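One-letter residues, chain by chain:
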Amino acid sequence: MFRLAHVTDPHFRGFREIRPLDFAGKRAVGLANLVVNRSRKHKMDLLEDLRRDLRAVAPDHLALTGDLSNVSINGEWRVALAWLDLCGLAPDAVTVIPGNHDAYVEQVVSDRSFEKLFASYQTSDVDRDPDSAYYPFVQIREQLALIGVSSAVATGDLGAWGQIGEAQLARLEALLQSPQLASLMRVVLLHHPPLVHKGGEHRNLRDREAFAAVLARAGADLVLHGHDHQDERGELAGPGGKPIPIVGGGSASYAGGLDRRARYNVFEIEGTAITWTTRVQDPATTFFREVRRERLV
Ligand SMILES: [Fe+2]
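Keep in mind that what you see is a predicted model, and the values were worked out from it rather than measured.

Some remarks on the overall build of the chain
Argument step 1. Across its full length, the chain holds 7 helices and 12 strands.
Argument step 2. Each principal axis of the C-alpha atoms in the chain carries an extent, and together these give about 50 × 45 × 35 Å.
Argument step 3. Burial analysis of the chain (297 residues in total) assigns 59% to the buried set.
Argument step 4. If you take every contact in the chain between residues at least 6 apart in sequence, the share linking residues at least 24 apart comes to 68%.
Argument step 5. When the accessible surface of the chain is summed, it comes to about 12100 Å², and 52% of that surface belongs to carbon and sulfur atoms.
Argument step 6. Within the chain, one finds 35 positive and 38 negative side-chain charges whose respective centroids are separated by 4 Å.

Below you can see the structure in the form of structure tokens.
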């Protein structure tokens, strides 16, 4: 059995390396929000509890689907890197993609700041497109092909919407259909949900219909996403109408009520069968425990 852990939206805090210029524009608003709201809703202690649980569960692989930071400051990402260093998994057993908070301002996107720092978690076993397309990348691990897609764009406004873009979608379609992946379980990793669970186009995936069309033509076996900070389950149709499970994870650091409290998923994969389990932090003990076990496929 192969066990794939899925952690998302940890929103690590870390203010080293902050420069006066960082307190401008969208980041000023984001930092104010961080001080007023986020530091109350997202607790770093919960991420330590989660790491302890992850070490005990010892999955074969960990997928981290974005929003590692709040305002895309190197200090936040370095705290995330330090956390990853101590999670008990080798870099090639971890896949990382960015979320909208990791593309908070245009400069970090054009500088590829995130990709430079997380390069060892974004290696690709299939050649990257030499003409710029860094995403998607593919990591083949035993019977799995993990396909890292980026929907993180600098929105230029206060929105949290995402976009994969035509070039990346074309590359994704070709990869999903490539003979190299034909006998593997194709797991697509994406920050934004490709289905609408929460309203508001200022925060949703703009090209979700085009993504659904790619899956309808090329197929996939599982899609994992974050962004909504709650457990979500949906489906998209693959070739011949075969349902593709879409599973969204809640935030790894959310300090609120038990229905959304700090959590992560572990997928147990045996042949073509996938069992979805969810582990949630219990505030009474600080330990995580399993609250869901259901057969997905
Ligand atoms: Fe997000």
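More follows now that the structure is in view.
A word on the nonpolar core
Note that soluble globular proteins tend to have their nonpolar side chains buried in a common cluster.
Argument step 1. Ranked by internal contacts, the top residues of the largest apolar core, which has 52 residues, are Leu-4, Leu-62, Leu-84, Phe-118 and Phe-267.
Argument step 2. What Leu-62 contacts, discounting residues up to four positions off in sequence, is Ala-5, Val-7, Leu-54, Trp-83, Leu-84, Cys-87, Leu-89, Ala-93, Val-94 and Thr-95.
Argument step 3. In terms of nonpolar packing, the next biggest core, distinct from the first, is built from 25 residues, Ala-145, Leu-181, Leu-205 and Ala-218 among them.

What to know about helix α7 (residues 208-218)
Argument step 1. Listing the buried residues of α7 in full gives Arg-208, Phe-211, Val-214, Leu-215 and Ala-218. Each buried residue of α7 lies within a common arc of 115° when the element is viewed along its axis, so the set occupies one face.
Argument step 2. Buried positions along α7 lie against α6 (166-176), β6 (185-189), β7 (222-225), β8 (232-237) and β9 (243-248).
Argument step 3. Gly-219 sits one or two residues past α7 and shows a positive phi near 75°.

Considering the coordination of the iron ion
Argument step 1. Within the first shell, the iron ion binds the protein through Asp-67 (OD), Asn-100 (OD1), His-191 (NE2) and His-227 (ND1), at distances of 2.1 to 2.3 Å.
Argument step 2. Donor residues for the iron ion sit on one chain with the sequence pattern D-x32-N-x90-H-x35-H. Placement of His-191 in the loop between β6 and α7 and of His-227 in the loop between β7 and β8 is noted, with a sequence separation of 36 residues between them. There is no split in this pair, since His-191 and His-227 are both buried.

Conventions and cut-offs
- Residues numbered from 1 in each chain as written.
- Predicted model: local features only at pLDDT ≥ 70, side-chain atom pairs only at ≥ 80, totals over all residues.
- Heavy atoms only, no water.
- Helix = DSSP H or I, 4+ residues; strand = E, 2+ residues; numbered from the N terminus.
- Buried < 20%, exposed > 50% of the residue type's maximum accessible area, 1.4 Å probe, protein only.
- Contact = heavy atoms within 4.5 Å.
- Areas by Shrake-Rupley, 256 points an atom, 1.4 Å probe, with all protein chains shown as cover.
- Lys, Arg positive; Asp, Glu negative; His and termini not counted.
- Charge placed at Lys NZ, Arg CZ, Asp CG, Glu CD.
- Core = buried A, V, L, I, M, F, W, Y, C linked by side-chain atoms within 4.5 Å.
- Arc of directions from axis to C-beta.
- Donors = N, O, S within 2.8 Å, 3.2 Å for Na, K, Ca; no water.

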